[in-house]
Every structure is written in C-alpha cells, then in structure tokens.
Number of protein chains: 2
Amino acid sequence: MSLLVVGSVAIDNVQTPTARRDNLLGGSATHFSYAASFFTSVRLVGVVGEDWPAQHTRMLQDRGIDTSGLTQVAGGETFTWTGRYEPNMNDRETLDVQLNVFGTFDPELPADYREAQYVFLANGVPAVQRKVLSQTTQRKLAVADTMDLWITTQRDDLNALMNDLDGLVLNDSEAKLLTGTENLVAAGHAVREMGPRFVIIKKGEHGAMFFSEHETYVMPAYPTPKVIDPTGAGDSFAGGMMGYLTEQDRFDPETLKTAMAYGVLVASFNVEGFGLERLQEITRDDIEKRMRDYRQMLSF
Amino acid sequence: MSLLVVGSVAIDNVQTPTARRDNLLGGSATHFSYAASFFTSVRLVGVVGEDWPAQHTRMLQDRGIDTSGLTQVAGGETFTWTGRYEPNMNDRETLDVQLNVFGTFDPELPADYREAQYVFLANGVPAVQRKVLSQTTQRKLAVADTMDLWITTQRDDLNALMNDLDGLVLNDSEAKLLTGTENLVAAGHAVREMGPRFVIIKKGEHGAMFFSEHETYVMPAYPTPKVIDPTGAGDSFAGGMMGYLTEQDRFDPETLKTAMAYGVLVASFNVEGFGLERLQEITRDDIEKRMRDYRQMLSF
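Residues numbered from 1 in each chain as written. Chains lettered and ligands numbered in written order. Predicted model: local features only at pLDDT ≥ 70, side-chain atom pairs only at ≥ 80, totals over all residues. Heavy atoms only, no water.

**Focus: the relation of the copies chain B and chain A**
Formally: Overlaid copies result from least-squares superposition on C-alpha atoms, with residues included only where pLDDT is at least 70 in both. In this description, contact between two residues means that some pair of their heavy atoms is separated by no more than 4.5 Å.
The transform that puts chain B on chain A rotates by 180 degrees and translates by 0.0 Å along the axis, for an RMSD of 0.0 Å. Taken together, the rotation angle and the small translation identify this as a two-fold axis. An overlap of 100% is found between the interface residues of chain B and their copies at the interface of chain A, pointing to a shared contact surface.

Printed below as a string of structure tokens:
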C-alpha cells in the first residue's frame, strides 16, 4: 500500500517558556511523514529552497520516505515559521512567517505518486489541495487538514474540497469557526454534514474526537508529563493515524478507531521533544508499549 | 454503608447564552447528594434560611437523602449564587453571591452522622472542612473539593486538610494555581505529594484525570451535544463517584476507576438541564445504558 502526503516542509524557530531552538526541521508534511513512517512507506510532496540542508532529505529517506516529490527551487528560500508558546503550551503566537517558495506551491504529482491509494492533504490552500486530489487516480481514502485562514477567506473552495473528501481533520477552534457552534459534539456533526464522511476534531492536550454518521467518540490524549514542544502534534497525529490505516489497508469503523489511538500516541511522543527529535529517538516497539498502557488506562 | 456530604445548599440564578432561569435548587451538597442517591443513601449536612422552600427538602427526602443534618436558620436567608456562562459554556462569570446563612456555616454533625464511613467535604472553608472531618469517627474514605479562593487565602489550613484526606478533587485551573505547574500531569502528582493519597483533576468538557502513586489516567467526558447548564457538574461528578464507592464499599484501584467513570456519566446528565432538572428525569438504568455506550466508546 502507499500513502501520499502533500504539504509544507519548513524550517521552524520555536520559543517555549523555558527554551528556544532555531533551525528545526519542521512543516506539516514532514511531521506527518515521519510519524507515518513507523507504519508504512510514504511518498512526500513538498517544496524547499536552495538553503535546504541535504541531510534533512537523507534523514527522511533513511526512514523509507520517498522524497522524489520534494522539489528544490534554485535561488529560492525554504518556508520558515517562528513562534512562541504560552506557558500553558497549548496556545501559541506566530512571531514570523516567511512563506518563500511555499507561497507558490502548486504541485504536479510524479507519475508513480498518482497511484497512491491513501492520500493526506496537509493544511494548505483548499484550491491547491483539491487540484492535487484530482491528480490521484486510485485513491481509496482521502483525508485533509485545514485552518482558520482558509475557513475565513477561501470558504467556497473549502466547501468544494469537503465534498471530495472522505475525512477532514481540524482543531477545536477551527470547528467552532467553521460551524458557528460552540458545542464540539454538535460542531463535529455539523462539519460532517458539509461533506466529509468522517470528521476528526483535534483538542491538543485534551485528545481528539471522531464523528461519522453512526459514531461519536472521544479519545483522550496520552498523559505525558513532559511537553517540550507541541509543534507538529496535529500532523504527527494524522501521520500515525493514516500510517496505520495504510499498513492495515482498511478503514472500517474498528480500524479507524484503532488508527485514532495510534495517532494520539505518536502525537504524545512528538510533543516530548523539539521538532522531530523525540520521534527520532523511538521505535515502533515504544509506540506499541505505550499502546498497551493506553488500552489499560481506558479499560475498567 | 453510609455516605456523608457537607457543603452548600443554595438557590441559583443562571444565565446562559440562550436562556435564563432563576430560583433553581443549587449548591454543592445538593448536586452531590442527588447524584450519589442513584447509588446509595446519603446524609446531607448544610444550612438554609427561612426562605427555603419546603418542597426542596421533601424532594431530597424522596430520593432517600437524610436531611436531618440540614439546618434551617430562623430569620436567615439561603445562600444565593447568580452567574452567567460564556458562549463556550465552560467559562462563567459570577454576577452576585449572597452567602447569607452559609457565611457562618460551622456544622456540628448529628450523632448518627459521625459514624459515616464515606465522607465528602464539598468546597468550603478548609478549617471548617477539617473540623467536620475530625468529628467523623469511623471513616474509611475521606475526599474533599476546594477552590481558588482557599488556595490563595487559606493555604496553611488547606495544607493541613490535605494531610488528613484520602482524596482531593479540584479543577484544572485550581491544580495549576496550587502547584504553579502548567502541565496537568505534573500538577496532579505535585498535588498528591502535598498529602492526599489520590488526586482528581476535573477538566469540565474534557473529562477528568486521576493520580495516585502508581496510576495516572484520563477519562474523557461523555460527548453530549446538549449542554444546557454546567452548574453543579463537578459536584455531581463527585457524587456519582462517591455514591458508587459507597455502594460497592471498597475503593481498590479498579473500583476507583469504575467510580470515576460513573462520576463522568452522572455529570454528563447533570449538564443536560438546568439545575437538577435533568437528573430528576433519569433513573439508574439510564446511567447504566450510558455506561455501556461509554465502555464501547473507549474500547478498540
């Protein structure tokens, strides 16, 4: 099976209440790919500038991630994001964004990428997400992420995208914004009625909620005492989930629920270090061990 | 087995974004008692004024709640609370508080109440909570709630109380205030190190977390789309939990976890109506049905 992800590849500069780290390997497609690589091979589509360190590409390749869809623009600069987290480590302020080469990202999928059966469109311009989706010819499951900016400014394109999707992933404040509904349970189902067959609302430190026509459930976050850097938590959640679904090559309700749990757990590791550092320390065995703890935690 | 609760009995005036209701039966000990009455008999200690409607007392008695510890002060007025909920239904503003007869609440337990084996000290002045606790002679399990006001102004008394408790229940912002720690997992264990054998952090719509020396777990809230009035959710959580523990007459880790789940579910009903109205519509069977849904939701 093959998993395709299209999204940002970035250099992040992160400030937390206790530390500051610059030049971290970041971006939605990067966190997603690394998280998914515990479960399956991944085909990554993104764009970087001439400043992009070659060792980042090699590191991703060492994880079995196909980077033939990662375009390097001569003379361009890589997307950079600089942000500062509040003491609660959930709220953050964006201090600087330089879209650079990502500002005109409009990918043409390599021929062999078009056959991908599992597709994740990381947060991006909805019209571009839709255009990418239309290039895939054998997809079984298409899931996308979005953000407040597109909800506010590209609503028609987002509506069109939602009709083409199997699943939409968004965070709690975005779900409220999209629906005008404060109750997350009502909001989740209201988003689902806009098109996607299922909707996942990410709640940061409080876990994630799942909505389909016949199911509503919540999965709490794994309670880690060590939150170092939440950047990429949502993308690593999606990567863990989609990676597991691709590995299993099915997405019936039971498999989707297990996949949600894997997503929650991979995200819990992601936040335990800056950038991808913690994920680079662990193995699938560590994820499985935490899964046993998590199942135990939720059984009584 | 017998369950004793000491706390406020009040008249609430509640404003939500869509409705306003006055003269609701409220108070921490009231919500707790009603919630616990699905599982066990309850001995209630509180104080009301001459304005207290007798039908409220009869309604509690009809639930098997012993109100011989409910003192009525001639010429006094009942504690009243008036508050307004924000659109998110989690944050609220207190518009008016009239402590009235509750301002000098310093109860002497009736003789037969002193033999209670399960004791819950609802939110109140820590020195008074401690004094009440010292009157109980056969307690097996003592749990208390507290609030930001006492953390800030009565810290020594609260510290002394914590050393006498088996369990402390508090909400997320109070746990952060008490410990100076923003990470709730770390905060929960830091509170535990202040004395209680176990600590429960209530997170409103996001559920509750449990901390003992060897256990850390999270239980999500039951995802109800119908949040009408969150007043008393925390007390009904505690009532459901303590009611179940009293019914079972044990509090080993497995029973405590099941009790937490019952607390979460009773609270989920509590918020589906103003004051006690929704709890007055349901039976133990409704709770058991929701428990089956909840177990299903958490299994994969």
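**Considerations on the UniProt feature "domain: Carbohydrate kinase PfkB" (unreviewed entry) in chain A**
The test is simple: UniProt positions are given in the numbering used here, feature names are shortened, and annotations may be inferred rather than shown by experiment. Strands are runs of DSSP state E lasting at least two residues, helices are runs of H or I lasting at least four, and both sets are numbered from the N terminus onward.
Summarizing the sequence annotation, UniProt attributes the feature "domain: Carbohydrate kinase PfkB" (unreviewed entry) to residues 23-276 of chain A in the numbering used throughout. For residues 23-276 of chain A, the helix share is 37%, the strand share is 24%, and the end-to-end C-alpha distance is 12 Å.

**Here we look at the pairing of strand E8 (residues 118-121) of chain A**
All names here are of chain A. Short version of the rule: Accessible area is worked out with a 1.4 Å probe on protein chains only. A residue is then buried under 20% of its type maximum, exposed over 50%, and partly exposed in between. Only strands joined by at least two bridges in the DSSP assignment are considered to pair. Handedness of a crossover is defined as follows: orient the strands so they point away from the viewer, and if the path from the first strand over the helix to the second runs clockwise, the crossover is right-handed.
What you see with E8 is no split at all: Tyr118 and Phe120 on one side and Val119 and Leu121 on the other are buried throughout. Where strand E1 (residues 3-6) meets E8, four bridges bridge the pair, whose relative direction is parallel. Bridged to Val5 within E8 is Phe120. Bridge count between E8 and strand E9 (residues 141-145): four bridges; the pairing is parallel. Residue pairing across strands places Phe120 opposite Val143, the latter belonging to E9. Remark: the E8/helix H3 (residues 126-135)/E9 crossover connection has right-handed handedness.

**Section: the interface of chain B and chain A**
Just so we agree on the cut-off: Once two parts are put together, the accessible area they lose, assessed with a 1.4 Å probe and summed over both, is termed the buried area. Salt bridge, as applied in this entry: a Lys or Arg side-chain nitrogen positioned within 4 Å of an Asp or Glu carboxyl oxygen. Polar contact is the term for a pair of N or O atoms within 3.5 Å; when the atoms are in protein, one must be able to donate a hydrogen and the other to accept it, and sequence-neighboring residues count only if both atoms are side-chain atoms.
With 35 residues of chain B at the contact, the number on the chain A side is 35 residues. When chain B packs against chain A, the two sides together hide about 2,700 Å² of surface, and 61% of this comes from carbon and sulfur. Contact with chain A buries surface across chain B, with His206, Val218 and Phe300 of chain B losing the most and accounting together for 27% of the total. Counting the contacts that link chain B with chain A gives zero salt bridges. The tally of links from chain B across to chain A stands at 13 residue pairs in polar contact (both at pLDDT 80 or more).

**So, the sheet that holds strand E4 (residues 42-49) of chain A**
Each strand in a sheet pairs with another by means of backbone hydrogen bonds, the pair being arranged parallel or else antiparallel. All names here are of chain A. Rules: All axes here are fitted lines through C-alpha atoms, helices being fitted over the stretch that makes contact, and every angle between N-to-C directions spans 0 to 180 degrees.
Reading across the sheet, the nine strands line up as E5-E4-E1-E8-E9-E10-E11-E12-E13 and stay open at both edges, with mixed pairing between neighbours. The strands lining the two open edges of the sheet, one partner per strand, are strand E5 (65-73) and strand E13 (216-219). Taking the axes of each pair of neighbouring strands and ignoring which way they run, one obtains an average angle of 15 degrees across the sheet. The pairing of E1 with E4 spans four bridges and is classified as parallel. Its bridge partner being in E4, Val6 is matched across the sheet by Val45.

**Concerning the packing of aromatic side chains**
For clarity, the threshold we go by: Note on aromatic contacts: the rings of Phe and Tyr and the six-membered ring of Trp form a pair at centre separations within 6.5 Å, being stacked when their planes are under 30 degrees apart, edge-to-face when over 60 apart, and tilted otherwise. Whether a charge lies above a ring is judged from NZ of Lys or CZ of Arg, which has to be within 6 Å of the ring centre and within 35 degrees of the ring normal.
Tallied over the full model, the rule gives 22 aromatic pairs over all chains. Ring centres of Tyr244 of chain A and Tyr262 of chain A lie 4.6 Å apart, and the angle between their planes is 25 degrees; on these two criteria the pair is classed as stacked. Highlighted residues: Tyr244 of chain A in helix H8 (residues 233-248) and Tyr262 of chain A in helix H9 (residues 253-270), separated in sequence by 18 residues. Owing to a relative accessible area of 10%, Tyr244 of chain A belongs among the buried residues under this scheme. Among the residues examined, Tyr262 of chain A registers a relative accessible area of 6% and is labelled buried. Taken together through their ring pairs, the aromatic side chains of Phe39, Tyr244 and Tyr262 of chain A make up a single cluster. Just above the ring of Phe269 of chain B sits the side chain of Arg290 of chain B; from NZ or CZ to the centre is 3.7 Å.

**Details of the environment of Val9 of chain B**
Residues and elements named next belong to chain B. Relative to the helices and strands, Val9 is located in the loop between strand E1 (3-6) and strand E2 (10-15). Its relative accessible area of 0% is what places Val9 among the buried residues. C-alpha of Val9 to C-alpha of Gly27: the two residues are 18 residues apart in sequence and 4.2 Å apart in space. Apart from the residues within four sequence positions on either side, Val9 is in contact with Gly26, Gly27, Ala29, Thr30, Leu44, Gly46, Val47, Val48, Trp52, Leu70, Thr78 and Phe79.

**Structural notes on the sheet that holds strand E13 (residues 216-219) of chain B**
All names here are of chain B. The strand order E5-E4-E1-E8-E9-E10-E11-E12-E13 describes an open sheet built from nine strands, whose pairing is mixed. The open sheet has two edge strands, strand E5 (65-73) and E13, and neither has a second partner. Geometrically, the sheet is characterised by an average inter-axis angle of 15 degrees between neighbouring strands, direction not taken into account. Judged from the seven bridges that link them, strand E4 (residues 42-49) and E5 form a sheet pairing that is parallel. Across the sheet, residue Val45 finds its bridge partner in E5, namely Gly69. Contacting strand E10 (167-171), strand E11 (198-202), strand E12 (208-211) and E13, helix H7 (residues 184-192) crosses the sheet at an angle of about 45 degrees to E12.

**Description of unusual backbone geometry**
All names here are of chain B. In this structure, Met89 takes a positive phi of about 60 degrees despite not being glycine. Inspection of the secondary structure assignment puts Met89 in the loop between strand E6 (80-85) and strand E7 (92-98). Positive phi, close to 50 degrees, is recorded for Asn100, a residue that is not glycine. Examined against the element boundaries, Asn100 turns out to sit in the loop between E7 and strand E8 (118-121).

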